[in-house]
Amino acid sequence: MRGLVFVIILAVAVALSGCGKTTSDHNSHNSHEVERADSATDNTEAVWTLSADHPSPNADVTIKVKIQDDSGKPVEQFDINHEKKMHLIIVSKDLSYFDHIHPEYQDNGEFTITTQLPNAGEFKMFADYIPSGGKATTKSNVVTVQGTAPAAETLVPDLEKEQMIDGKKVSLDFDSLQANKEVNMTFHMTDAQTNKPVTDLQPYLGAVGHVVILSEDAENYLHVHPTEEKAKGPDAKFMTSFPSSGNYKIWGQFKQNGKTFIVPFVVNIP
Ligand SMILES: [Cu+2]
């Protein structure tokens, strides 16, 4: 009789401890999921430090971008995206100037690059990176170059979607021009002299090209993905989504004969 009671108590204890274990496993599993979900949201911040608060036109300025989490701890692991850990896009506020450079990762979450800005006025910089385990993130910073700024250029949509760049005719077509919808965009290139299709594009940053799109007010930086990464021309296809109606400037960057070239277009999304 005593033996049986002991066995029953033991069984209950095992059942309880088993239950307890399951519960704690379940809890820790849940909390891991929550952690993972959190890190997949945008919880990094960029701290910008320039060697001069108001740099002079065409003078070296060193840009430091420190990526940290919301508790101020440096973020040290980044995914390589298009061959780089960070892409830095610099535009003038009127979008007439465009540059795309790659700060080097130092350590302690810090990237640096030395560059120059071409004239007085406001410039906006966009750091584009993916913290490992997180998602594609863009952080921006505005810098004012000292002096008298030239008059701002107005963004005018290109009605003829064809440009002459470096001896090539480049056209840009969309399958639709609607806001909040995935749109496919195709650059098409022909040799201006021979009218033959360009078929010798070289990979640029690991793909047929790299496209950056900004809204007219430089508030929206759009992520663009090549849909046929290995293409060599004459078509280069990309996909994006415009968040609202308005004017956007598009810069396509491609490489041929070892030389990169930039194709700008302005579109209106009705
Ligand atoms: Cu880049």
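Before reading on, note that the structure itself is shown above.
This structure is a prediction, so every number in the text was calculated from the model and none was measured.

Draft legend 1. Local environment of the coordination of the copper ion. Binding of the copper ion to the protein goes through H87 (ND1), H100 (NE2) and H102 (NE2), at separations of 1.7 to 2.0 Å. Between consecutive donor residues of the copper ion, the sequence gaps follow H-x12-H-x1-H.

Draft legend 2. Structural context of the pairing of strand β8 (residues 137–145). In β8, alternate side chains face the same way, and those of T137, K139, N141, V143 and V145 are buried while those of T138, S140, V142 and T144 on the opposite face are not. Bridge count for strand β7 (residues 121–129) against β8 is 9 bridges, and the pairing is antiparallel. Within β8, the position partnered with F123 by the bridge is V143.

Draft legend 3. Structural detail: the environment of L95. Mapped onto the fold, L95 is located in the loop between β3 (86–92) and β4 (98–101). Judged by its relative accessible area of 0%, L95 falls in the buried class. Along the sequence, L95 and L155 sit 60 residues apart, while their C-alpha atoms lie 7.8 Å from each other. Setting aside residues no more than four positions away along its own chain, L95 makes contact with L155, L214, S215, E216, A218, K249 and W251.

Draft legend 4. Here's a closer look at the environment of Y221. Its location among the elements puts Y221 in strand β14 (residues 221–222). With 93 residues separating them along the chain, Y221 and D128 place their C-alpha atoms 9.5 Å apart. If we skip the residues at most four places from it in the chain, Y221 touches I89, F126, D128, T138, V212, I213 and L214. Side chain to side chain, Y221 and D128 meet in a polar contact 2.8 Å long.

Draft legend 5. How the structure looks around the sheet that holds strand β11 (residues 182–191). Pairing in this open sheet of 5 strands is antiparallel, and the strands run β9-β10-β11-β16-β15 from one edge to the other. Edge strands, defined here as strands with exactly one partner in the open sheet, are β9 (162–165) and β15 (225–226). Bridge count for β9 against strand β10 (residues 168–174) is 4 bridges, and the pairing is antiparallel. Looking at β10, one finds that E162 is bridged to S171.

Draft legend 6. How the structure looks around the sheet that holds strand β1 (residues 44–50). Read from one edge of the open sheet, 4 strands run β1-β2-β6-β5, paired in antiparallel fashion. Each end of this open sheet is capped by a strand with a single partner; those strands are β1 and β5 (104–105).

Draft legend 7. Just the packing of aromatic side chains, in detail. Counted according to the given criterion, the structure contains 14 aromatic pairs. Seen in terms of ring centroids, Y97 and F123 are 5.7 Å apart; in terms of plane orientation they differ by 85°. Their pairing is edge-to-face. Residue Y97 is located in the loop between β3 and β4, and its partner F123 is located in strand β7; the two are separated by 26 residues in the primary sequence. Ring pairs connect the aromatic residues F187, F238, F254, F261 and F265, which therefore count as one cluster. The cationic tip of K168 hangs over the ring face of F261; the distance from NZ or CZ to the ring centre is 4.4 Å.

Draft legend 8. Representation of the pairing of β1. Where burial is concerned, the two faces of β1 differ: the one with T44, A46, W48 and L50 is buried and the one with E45, V47 and T49 is not. As paired elements, β1 and strand β2 (residues 61–69) share 7 bridges and run antiparallel to each other. Among the inter-strand pairings, T49 is bridged to a residue of β2, identified as K64.

Draft legend 9. Looking closely at the side chain of D94. Mapped onto the elements, D94 comes out in the loop between β3 and β4. Here D94 sits buried without a salt bridge, and the closest side chain of opposite charge, K249, lies 7.3 Å off (N-O distance). For D94, the side chain forms a polar contact with the side chain of S92, separated by 2.6 Å. Separated by 2.8 Å, the side chains of D94 and S96 make a polar contact. Apart from residues no more than four positions distant in its own chain, D94 is found in contact with A151, A152, E153 and L155.

Reading guide: rules and limits
Residues numbered from 1 in each chain as written. Predicted model: local features only at pLDDT ≥ 70, side-chain atom pairs only at ≥ 80, totals over all residues. Heavy atoms only, no water. Donors = N, O, S within 2.8 Å, 3.2 Å for Na, K, Ca; no water. Buried < 20%, exposed > 50% of the residue type's maximum accessible area, 1.4 Å probe, protein only. Helix = DSSP H or I, 4+ residues; strand = E, 2+ residues; numbered from the N terminus. Pairing = 2+ DSSP bridges. Contact = heavy atoms within 4.5 Å. Polar contact = N/O pair within 3.5 Å; in protein donor to acceptor, adjacent residues only side chain to side chain. Phe/Tyr/Trp six-rings, centres within 6.5 Å; stacked < 30°, edge-to-face > 60°. Lys NZ or Arg CZ within 6 Å of the ring centre and 35° of its normal. Lys, Arg positive; Asp, Glu negative; His and termini not counted. Salt bridge = Lys/Arg side-chain N within 4 Å of Asp/Glu carboxyl O.

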